[in-house]
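# Observations on chain architecture
Now for the letters of each chain:
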Amino acid sequence: MKNTVTILMRVVLGGLFLAHGISKLQMGLGNVAGWFESIGVPGFLAYVVAAVELIGGVMLILGLFTRYVSVVLIAVLVGAVFTAKLSAGLLGNGQSAGYELDLAFILIALYLAVAGRTGLSLDSALFDKGNRS
């Protein structure tokens, strides 16, 4: 059962990050970069964050380098909290989102960073070959 829940957490978190990356593409990365700059974050980081969300989301869904991807996503989330969301408070301020979901995503990613490999993942298929009986 633990394996199934871990797989679900990995795939859902990956899907959520993929959706956020796609959303940034749909908004236009130039627009996202402009918003980043408006809050004091260098605009080029919009491109970095979008790439991390897209590629990291796909990698989590596939279960490829899950631990490393999870650590990178934690860094993105912590950056989002401290640069864009902390001033709005935990639940937001009516004009911008709070950081409650970021905290939940951080905890899920932290769990994935320390959990062992699961079935239904490329990590397991590629790196557990010697451990199969």
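Residues numbered from 1 in each chain as written. Predicted model: local features only at pLDDT ≥ 70, side-chain atom pairs only at ≥ 80, totals over all residues. Heavy atoms only, no water.

## A few points about the confidence of the model for the chain
In the predicted model, the chain carries a mean pLDDT of 94, and 97% of its residues have values of at least 70. Put simply, helix α6 (residues 122-127) is where the chain has its lowest mean pLDDT, 91, and helix α3 (residues 44-62) is where it has its highest, 98. (pLDDT = per-residue confidence, 0-100. Helix = DSSP H or I, 4+ residues; strand = E, 2+ residues; numbered from the N terminus.)

## A short note on the nonpolar core
Soluble globular proteins tend to bury their nonpolar side chains together. Within the largest apolar cluster, 21 residues are counted, with the highest numbers of intra-cluster contacts made by L13, F36 and L73. Breaking this core down by element, the ones donating at least two residues are α1 (2-27), α2 (29-38), α3, α4 (66-85) and α5 (100-114). Beyond its immediate stretch of four places on either side in the chain, F36 contacts V41, P42, G43, L45, A46 and V49. (Core = buried A, V, L, I, M, F, W, Y, C linked by side-chain atoms within 4.5 Å. Buried < 20%, exposed > 50% of the residue type's maximum accessible area, 1.4 Å probe, protein only. Contact = heavy atoms within 4.5 Å.)

## Thoughts on the packing of aromatic side chains
Within this structure, the stated rule accounts for three aromatic pairs. Between F17 and F105, the ring centres sit 6.2 Å apart and the planes meet at 50°, which makes this aromatic pair tilted. Linking F17 in helix α1 with F105 in helix α5, this pair joins segments that are 88 residues apart in sequence. Taken together, a centroid distance of 5.8 Å and an interplanar angle of 70° make the contact between W35 and F36 edge-to-face. (Phe/Tyr/Trp six-rings, centres within 6.5 Å; stacked < 30°, edge-to-face > 60°.)

## Topic: the layout of surface pockets
Put simply, the largest pocket is a space of about 800 Å³. Surrounding the largest pocket, 31 residues form its lining, K24, W35, E53, A80 and K85 being those nearest its centre. When contributions to the lining of the largest pocket are tallied by element, the ones reaching two or more residues are α1, α2, α3, α4 and α5. Broken down by element, the lining of the largest pocket gets its largest block of residues, eight residues, from α4. Tallied by class, residues from the lining of the largest pocket come to 19 nonpolar, seven polar and five charged. Lining the second largest pocket we find 14 residues, and of these F65, T66, R67, R117 and D123 sit closest to its centre. Mapped onto the lining of the second largest pocket, the elements with two or more residues apiece are α1, α4 and α6. In terms of residues, the lining of the second largest pocket owes the most to one element, α4, which gives three residues. (1 Å grid on protein atoms, 1.4 Å probe; cavity = no way out; pocket = protein on both sides within 12 Å on 5 of 7 lines; lining within 4 Å. Points joined across faces, edges and corners; volume = space filled by probe spheres on them. Nonpolar A, V, L, I, M, F, W, Y, C, P; charged D, E, K, R; others polar.)

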